[in-house]
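Commentary on secondary and tertiary structure
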Amino acid sequence: MATWLITNAATRDGSSVDIAIENGTISRLEDGGSIDPSVAPADQRYDADGRLVTPTLTEPHLHLDATLTAGEPSWNESGTLAEGIDIWSKRKQSLEADDVKARAEQAIEWLAANGVTRIRTHADTTEESLTGVQALLELRETVADLVDLQVVAFPQDGIFTDELHEDLLREALEMGVDVVGGIPHNEHTREDGTASIELAMDLAESYELPVDLHIDETDDPGSRFTEVLASEAIKRGIGDRVTASHVTAMHSYPNSYAAKVISLLAESGVSVITNPPDNSVLQGRYDDYPRRRGHTRIDELRDANVTVGIGHDSVMDPWYHYGRADPLDAAFILLHYAHMNGRSDVGPLWDLLTDANADIFGVDEYGLSVGQEGSLVVYDSPDPFNVLRTRAPRTLVLKKGREIARTEPTTTTVIRNNGERSVDFHR
Ligand code: FE2
């Protein structure tokens, strides 16, 4: 007996399929309408009626310790990364475990309802009590029914900017975080930034953990730490577990230098995460007109076979006030300001959201075929283009064969002089 049966679902390539799940994995995947419904209990059958189905999504870059604090104690009116860090430095003085857990859990429930079952969150290690780190590590167990949570030890204010920070980073590693973080462009000097990368890589090797650094998150074309990270990854042979997050300075590099860095990234196997919601508003703040846009070179990186993922970064915090924890919103913002609005860009955008994000998270087996994990999401729209266009609600989310979220499609009625009729935004 299957535990779940989804019938008449549309795949990304437009095929109609039935999918049966047994013992947490996909046990059958056949043409739509061909699997006898009685293979699953009546309350565990779902007629997708032509809606799109994909494996569940991965959110590779969040800050759940800061989520849902927008406006506390003030709003970021300059819009800069620096004011965001300053506001957070005040807010984090009053962190309490229950406060962090309640906000993070709220955001995680939103993410699960939006089809996400894997999350990588950064946790600030430059707050002396490490309350946020401890709270998120405890939450990692509490929310395991919804998501697999990875916690990054993230020295927000820099490692060498205060004599306590290196010890705090090491303490977080001893507490059991999943990933080593860093922020070389926020160190005081070029030399300290380079040393912070070397330290993060040393720690990753000794603790056998992945590395995910906030790196070159600035408009300054002189910020050149990604080359150091890629070079270190090549020397140590660990590029497949190293991620460069943000890399917005690459937008402003001279083309010849950008080509060199992209080539190094490709050689190293280091992945890149772009974070459109935050960087669309944080960057360009020191520019007169014309104002640069703050995102990395997605097209050139992908052309060089660098894995590029897409993160939301912030949900209602000092760096990005908006957000409803939906990866499709991040993709929708990106497609505008990265000029990825062509019909031929739809596939690559979904590749970022699905395969690339799962790869960065470290998922070995990911996809829609027999034997894969029975973690699926059904969207209230029939194809990848319309799902992105409308950020269609996720009508059903399964994690390893267990229903974790369901959304009933809404009905909208337009009242005309000659009568009423319902309209559907999603088809
Ligand atoms: Fe970030």
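Residues numbered from 1 in each chain as written. Predicted model: local features only at pLDDT ≥ 70, side-chain atom pairs only at ≥ 80, totals over all residues. Heavy atoms only, no water.

1. Considerations on the packing of aromatic side chains
- What the rule picks out here adds up to four aromatic pairs.
- When the ring of Tyr 253 is compared with that of Tyr 257, the centres are 4.7 Å apart and the planes differ by 75°; the resulting orientation is edge-to-face.
- Taking the ring centre of Tyr 257 as reference, the NZ or CZ of Arg 224 above it sits at 3.8 Å.
- Cation over ring: Arg 291 sits above Tyr 289, and NZ or CZ is 4.3 Å from the ring centre. (Phe/Tyr/Trp six-rings, centres within 6.5 Å; stacked < 30°, edge-to-face > 60°. Lys NZ or Arg CZ within 6 Å of the ring centre and 35° of its normal.)

2. Points about helix H10 (residues 327–337)
- Burial analysis of H10 places eight of its eleven residues in the buried class, which makes it a mostly covered element.
- Of all the positions in H10, only Pro 327, Leu 328, Asp 329, Ala 330, Ala 331, Leu 334, Leu 335 and Tyr 337 are classed as buried.
- Its side-chain oxygen at 2.9 Å from the backbone nitrogen of Leu 328, Asp 326 defines the N-terminal cap of H10.
- After H10 finishes, the residue His 339 shows a positive phi value of roughly 55°. (Buried < 20%, exposed > 50% of the residue type's maximum accessible area, 1.4 Å probe, protein only. Helix = DSSP H or I, 4+ residues; strand = E, 2+ residues; numbered from the N terminus. Polar contact = N/O pair within 3.5 Å; in protein donor to acceptor, adjacent residues only side chain to side chain.)

3. Focus: the domain arrangement of the chain
- Each domain of the chain was delimited in the assignment, giving domain 1 (4–50 + 366–412) and domain 2 (57–361).
- The C-alpha centroid of domain 2 is placed 31 Å from the C-alpha centroid of domain 1.
- On the domain 2 side, the residues contacting the 18 residues of domain 1 number 28 residues.
- Summed over both partners, the interface of domain 1 with domain 2 buries about 2,100 Å², with 60% contributed by carbon and sulfur atoms. (Domains from an automatic or database assignment. Contact = heavy atoms within 4.5 Å. Buried area = accessible area lost by both parts, 1.4 Å probe.)

4. A closer look at the coordination of the iron ion
- Ligation of the iron ion by protein atoms is provided by His 61 (NE2), His 63 (NE2), His 214 (NE2) and Asp 313 (OD), these donors lying 2.2 to 2.4 Å from the ion.
- Geometry at the iron ion is irregular, judged from the four donor atoms that bind it and their angles of 84 to 173° at the metal.
- For the iron ion, all donor residues lie on one chain, and their spacing in sequence is H-x1-H-x150-H-x98-D. Of the two residues, His 63 sits in the loop between strand S6 (57–62) and helix H1 (81–91) while His 214 sits in strand S10 (residues 211–215), which places them 151 residues apart along the sequence. Both residues of the pair, His 63 and His 214, count as buried. (Donors = N, O, S within 2.8 Å, 3.2 Å for Na, K, Ca; no water. Tetrahedral: all angles 85-135°; square planar, octahedral: opposite > 155°, others 65-115°.)

5. Considering the sheet that holds strand S4 (residues 45–47)
- Read from one edge of the open sheet, four strands run S3-S2-S1-S4, paired in mixed fashion. Here the strands that pair on one side only, and so sit at the sheet edges, are strand S3 (25–31) and S4. With strand direction ignored, the average angle separating the axes of adjacent strands in the sheet is 20°.
- Where strand S1 (residues 4–10) meets S4, three bridges bridge the pair, whose relative direction is parallel. Paired with Ile 6 across the bridge in S4 is Tyr 46. (Pairing = 2+ DSSP bridges. Axes fitted to C-alpha atoms, helices over the stretch in contact; angles between N-to-C directions.)

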